[in-house]
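Okay, here's what each chain looks like letter by letter:
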Amino acid sequence: MNKKTLSSIRKARTMHLIDIENLCMASNPTLEQVIEARLCYLELVKPGEGDQFLVTVSSKSNLEAVAFGWQGASLKLHEGHDGADILLAEAIVEDHLESRFDKVVVASGDGGLAPFVTHLKSLLKNVVVVSQPTAIAFSMRVSGAQVKYLRPEFVLAA
């Protein structure tokens, strides 16, 4: 493909990196919580047709809820503490998102991801962090990315 074609494909796409456990504010979210988080997320960010989704989990017991609750997304598992964050950090560092996407949305408020979000922001202008209002670390708020919050009433429903 020529550079013009690659550039036009890139401009039309956003990569969505989602830590579903953080977004649901539950270490073992139910199918209903995943579905509700997905609906709220889609309503907030309004993804485009060519967007891609990577949903990460840190426990194999969460695979079923995510597989059925966020259909069409790529799903990755890394067992253990901060497993989902490790996968998101790897995607930011290793997948060259800045050359393949015009925008990246990181759906996690975990402070451990803040340096990776800051790094991504230095490479790509349009980086957004999506989190629950009560689940975002200060370091994510000041990472340089735009911050959007899911509906506060979702926190009560979870």
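The residue numbers shown here count from 1 along each chain, following its written sequence. In view of the model being predicted, local features appear only for residues whose pLDDT reaches at least 70, and side-chain atom pairs are presented and counted only at 80 or more, with totals across whole chains, interfaces and linings using the full set of residues. Hydrogens and waters are ignored; side-chain quantities use all the structure's heavy atoms.

Peer 1: Break down unusual backbone geometry for me, citing the residues and quoting the values.
Peer 2: Across the chain, the bulk of peptide bonds are trans and the bulk of non-glycine residues have phi less than zero. For D82, which is not a glycine, the phi torsion comes out positive at approximately 60°. Secondary structure elements are defined from DSSP: runs of H or I of at least 4 residues count as helices, runs of E of at least 2 residues count as strands, and each element is numbered from the N terminus. Structurally, D82 is set in the loop between strand 3 (74-77) and helix 5 (83-94). With a 1.4 Å probe rolled over the protein chains alone, any residue whose accessible area is under 20% of its type maximum counts as buried; one over 50% counts as exposed, and the rest are partly exposed. Overall, D82 belongs to the partly exposed group, its relative accessible area being 39%. Residue H96 is not a glycine yet carries a positive backbone phi of 50°. Considering the arrangement of structural elements, one finds H96 in the loop between helix 5 and helix 6 (97-100). Among the residues examined, H96 registers a relative accessible area of 48% and is labelled partly exposed.

Peer 1: Can you explain the packing of aromatic side chains? Please cite residues and give values.
Peer 2: Two aromatic rings from Phe, Tyr or Trp, using only the six-membered ring of Trp, form a pair when their centres are within 6.5 Å; if the ring planes differ by under 30 degrees the pair is stacked, by over 60 it is edge-to-face, and anything between is tilted. Throughout the structure, instances matching the rule amount to two aromatic pairs. Seen from their ring centres, F53 and W70 are 6.1 Å apart, and the 50° between their planes marks the pair as tilted. Taken together, the residues span a long stretch of sequence, with F53 in strand 2 (residues 52-57) and W70 in the loop between helix 4 (63-69) and strand 3 at a distance of 17 residues. You'll find F53 and W70 in the same group, each marked buried.

Peer 1: Please give an account of the side chain of D19 that cites residues and values.
Peer 2: Mapped onto the elements, D19 comes out in strand 1 (residues 14-19). Just so you know, the count uses Lys and Arg for positive and Asp and Glu for negative, and it drops His and the chain ends. Salt bridges are counted wherever a side-chain nitrogen of Lys or Arg sits within 4 Å of a carboxyl oxygen of Asp or Glu. Buried D19, no salt bridge; nearest opposite-charge side chain is K76, N-O distance 14 Å. Counting of polar contacts relies on pairs of N or O atoms within 3.5 Å, with two restrictions inside protein: one atom must be capable of donating a hydrogen and the other of accepting it, and residues adjacent in sequence are counted only when both atoms are side-chain atoms. Side-chain polar atoms of D19 contact the backbone nitrogen of E21, separated by 3.2 Å. Contacts are assigned to residue pairs with any non-hydrogen atoms lying within 4.5 Å of each other. In this structure, D19 is in contact with T56, A84, D85, L88, A107, S108 and D110, ignoring residues within four places of it in sequence.

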